[in-house]
Amino acid sequence: MIDLRTLAPGDEAALEAFLVQHADSSMFLRSNVRAAGLADRGRPYEATYVAAFEQDRIVAVAAHCWNGLVLVQAPVHAEAVARAAVERSGRAKRLGVSGPYGQVARAREALGLPEHGAARDARETLFALDLSALRVPDSLASGGVLCRRSEPADVDRLARWRAAYSVELFGWSPGPALDASSREQVARQHEDGDAYVLVAGERPVSCTFFNARLPDIVQVGGVWTPPELRGRGYARAAVAGSLLAARDGGAARAILFTGAENRAAIAAYASLGFTPVGDYGLFLLAGA
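Right, let's walk through the structure included here. Keep in mind that this is a model prediction, so the values were computed, not measured. (Residues numbered from 1 in each chain as written. Predicted model: local features only at pLDDT ≥ 70, side-chain atom pairs only at ≥ 80, totals over all residues. Heavy atoms only, no water.)

1. Examining the environment of L140
Next up, step 1: Within the element layout of this structure, L140 appears in helix α5 (residues 138-141).
Next up, step 2: Of the residues examined, L140 reaches a relative accessible area of 13% and is grouped as buried.
Next up, step 3: Spatially, the C-alpha atom of L140 lies 33 Å from that of R120, the residues being 20 residues apart in sequence.
Next up, step 4: Among residues more than four places away in sequence, those in contact with L140 are V145, C147, L198, A237, A240, G241 and L244. (Helix = DSSP H or I, 4+ residues; strand = E, 2+ residues; numbered from the N terminus. Buried < 20%, exposed > 50% of the residue type's maximum accessible area, 1.4 Å probe, protein only. Contact = heavy atoms within 4.5 Å.)

Written out as structure tokens, the structure is:
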């Protein structure tokens, strides 16, 4: 019998002791717990967490999040913890599954999520960078472009860019629902200080975000440059600028993941010093 327990306030230390052993692939889980704790009232960053225990030690965990995403860090019992988290959350909404690739595949199958018609079902490469080894692009180092945290006046533009990003990368349908969810997400990241804008002259030309953040590690996501402005090194300068800010704030490591088909992004990240450290799975339902 597997000992499955729903985690509650007071279990944070036990969960962190497990997750820190898999730090690079647990950024969403660790960041969400730090931001919102283990109670689940359906608020942003909250989730229902179910862990498998062996001899009173956590050996696997899954979280059914407020937005419908199931996060897994489950070297064993991935199927059981994923099913239990969804069942116990009482949350009907399903968005997809995220975590180490093999675990995502097992959890997706256990949850009965349809493989056909998914917006994304990818084995992505997980990259890491020691921020002391960050290579800063000349354009940023020379002051030719400037990377800054987002300002209130940027939010509408960044929301439009986020919607375009979701259409291009995930095939989600454009329209009012996507516009609203994009604005909600961007506004939250802006308020959290996790949104960055690259400016050339006075014109915003690219953006990047931290989609998970800890005092010592940040995770990069949502990097976007409008198609007409691509090929000029703006995305890598935006990412580098955000990482310089993170390093100044005490972070020592950065994580990101991207698909093998995104060769331009991989080349940009490699130029900054990122190196592969593993595989990551991202399964998203169409129309989410």
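2. Considerations on the packing of aromatic side chains
Next up, step 1: Taken as a whole and judged by the stated rule, the model has eight aromatic pairs.
Next up, step 2: Ring centres of F28 and F257 lie 6.4 Å apart, and the angle between their planes is 75 degrees; this geometry places the pair in the edge-to-face category. With F28 in helix α2 (residues 27-36) and F257 in strand β11 (residues 253-259), this residue pair connects regions lying 229 residues apart in the sequence.
Next up, step 3: When its relative accessible area of 16% is taken as the criterion, F28 is described as buried.
Next up, step 4: Residue F257 is classed as buried on the basis of its relative accessible area of 17%.
Next up, step 5: With a centroid separation of 5.5 Å and an interplanar angle of 55 degrees, the aromatic rings of Y45 and W66 are classed as tilted. Of the two residues, Y45 is situated in the loop between α2 and β2 (47-54) and W66 in the loop between β3 (57-65) and β4 (69-73); the sequence distance between them amounts to 21 residues. In this structure, Y45 and W66 share a single accessibility class: buried.
Next up, step 6: Linked through ring pairs, Y165, F170, W172 and W224 together constitute an aromatic cluster.
Next up, step 7: In this structure, R5 is placed above the aromatic ring of F53, and the distance from its NZ or CZ to the ring centre is 3.9 Å. (Phe/Tyr/Trp six-rings, centres within 6.5 Å; stacked < 30°, edge-to-face > 60°. Lys NZ or Arg CZ within 6 Å of the ring centre and 35° of its normal.)

3. Structural notes on helix α8 (residues 234-248)
Next up, step 1: Taking 1.5 Å per residue as the helical rise, α8 with its 15 residues ought to reach 21 Å, and the 21 Å between its terminal C-alpha atoms agrees with that figure.
Next up, step 2: Inspection of α8 places Y234, A237, A238, V239, A240, G241, S242, L243 and A246 among the buried residues, and these make up the whole buried set.
Next up, step 3: Just beyond α8, the residue with positive phi is G250, at close to 110 degrees. (Expected span 1.5 Å × (residues − 1).)

4. So, the environment of A118
Next up, step 1: Residue placement: A118 occurs in the loop between α4 (101-111) and β6 (120-130).
Next up, step 2: Linking A118 and W172, residues 54 residues apart in sequence, is a C-alpha distance of 10 Å.
Next up, step 3: Apart from the residues lying within four places of it in its own chain, the contact partners of A118 are F283, L284 and A286.

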